[in-house]
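Spelled out from the first residue to the last, the chains are:
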Amino acid sequence: FRSDVTRTIVFGKPTDRLLKVWDVVKKAQTAALSACRPGAACEDVDAAARKVIEDAGYGPDYNYFAHRLGHGIGMEGHEYPYLVRGNKLKLVPGMTFSNEPGIYIYGEFGVRHEDCMVVTEDGARYLGGMEALAIDRPFADR
């Protein structure tokens, strides 16, 4: 079985702009987790994260969040189904995905939060217990 995780870290003191973007991306990841539930379409989960990013001024469309939200994960590192616009496949309990929104500002920096999640009977939950808490706390305390 496979897993996938990404963290953004800073050597030195992060700028206020970087901290703001880090928070926006974290909120987008949380919105995607909330939207991930049985009966939702794969594209709905992507749209939930993308809305947070666009509402924060990092849009429109794929300007700063230039990739799909996530991919299936299990036997391969990147597998179908994809959490992306146009994928109307309905989620069912037991499906597992990466949840990896990002904002990339050309020539300046990029921020991505990535954790794996599983669809449950009544929503979704993260796998691994390693969620980022802050830019200087990239993994949850265990």
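Residues numbered from 1 in each chain as written. Predicted model: local features only at pLDDT ≥ 70, side-chain atom pairs only at ≥ 80, totals over all residues. Heavy atoms only, no water.

Undergrad: Can you walk me through the packing of aromatic side chains in this structure?
TA: Aromatic ring pairs are described here by two measures, namely the spacing of the ring centres and the angle between the planes. In this structure the tally under the stated criterion is two aromatic pairs. Plain terms: the ring middles of Y58 and Y64 are 5.6 Å apart, the flat faces sit at 90° to each other, and that makes the pair edge-to-face. With centroids separated by 5.8 Å and ring planes inclined at 90°, the aromatic side chains of Y80 and Y82 adopt a geometry described as edge-to-face. By relative accessible area, Y82 is classed as partly exposed at 26%. Sitting over the ring of Y62, R50 keeps its end group 3.8 Å from the ring centre. Cation over ring: R50 sits above F65, and NZ or CZ is 4.0 Å from the ring centre. (Phe/Tyr/Trp six-rings, centres within 6.5 Å; stacked < 30°, edge-to-face > 60°. Buried < 20%, exposed > 50% of the residue type's maximum accessible area, 1.4 Å probe, protein only. Lys NZ or Arg CZ within 6 Å of the ring centre and 35° of its normal.)

Undergrad: Is there a simple way to think about the packing of helix α1 (residues 16-35) against helix α2 (residues 42-55) in this case?
TA: Geometry of a packed helix pair, given as the angle between the helix axes and the separation of the axes. As a packed pair, α1 and α2 sit with axes 8 Å apart at the nearest point and diverge in direction by 155°. Of the possible angle classes, the one that applies to α1 and α2 is roughly antiparallel. Every pair of crossing elements has a handedness; the one defined by α1 and α2 is right-handed. On α2, the residues that touch V24, K27, A28, A31, A32 and A35 of α1 are D44, V45, A48, A49, V52 and I53. Considered class by class, the residues forming the contact of α1 with α2 number 10 nonpolar, no polar and two charged. (Axes fitted to C-alpha atoms, helices over the stretch in contact; angles between N-to-C directions. Helix = DSSP H or I, 4+ residues; strand = E, 2+ residues; numbered from the N terminus. Parallel < 35°, antiparallel > 145°, perpendicular 65-115°, else oblique. Left-handed = near helix turned anticlockwise from the far one by under 90°. Contact = heavy atoms within 4.5 Å. Nonpolar A, V, L, I, M, F, W, Y, C, P; charged D, E, K, R; others polar.)

Undergrad: Would you mind going over α1 with me for this structure?
TA: Residues spaced three or four apart along an α-helix face the same direction, because each turn holds 3.6 residues. Its 20 residues give α1 an end-to-end C-alpha distance of 29 Å, which sits within 8% of 28 Å, the value for a rise of 1.5 Å per residue. Inspection of α1 places L18, V21, W22, V24, V25, K26, A28, Q29, A32, L33 and A35 among the buried residues, and these make up the whole buried set. Contacts made by the buried residues of α1 are with α2, β3 (96-99), β4 (102-105), β5 (109-112), β6 (115-120) and β7 (123-126). (Expected span 1.5 Å × (residues − 1).)

Undergrad: Is there a simple way to think about the pairing of β7 in this case?
TA: Every regular strand shows the same layout, with side chains that alternate between the two sheet faces. Where β6 lies against β7, four bridges are found, and the strand directions are antiparallel. Within the sheet, the bridge partner assigned to M117 lies in β7 and is Y126. The antiparallel hairpin formed by β6 and β7 contains two residues in its connecting segment. (Pairing = 2+ DSSP bridges.)

Undergrad: I'm lost on the confidence of the model for the chain in this one. Help?
TA: Caution applies to low-pLDDT regions: their predicted coordinates should not be interpreted in detail. Looking at the chain as a whole, the pLDDT averages 92, with 96% of positions reaching at least 70. Within the chain, no element has a lower average pLDDT than strand β2 (residues 79-83), which sits at 90, and none a higher one than α2, at 98. (pLDDT = per-residue confidence, 0-100.)

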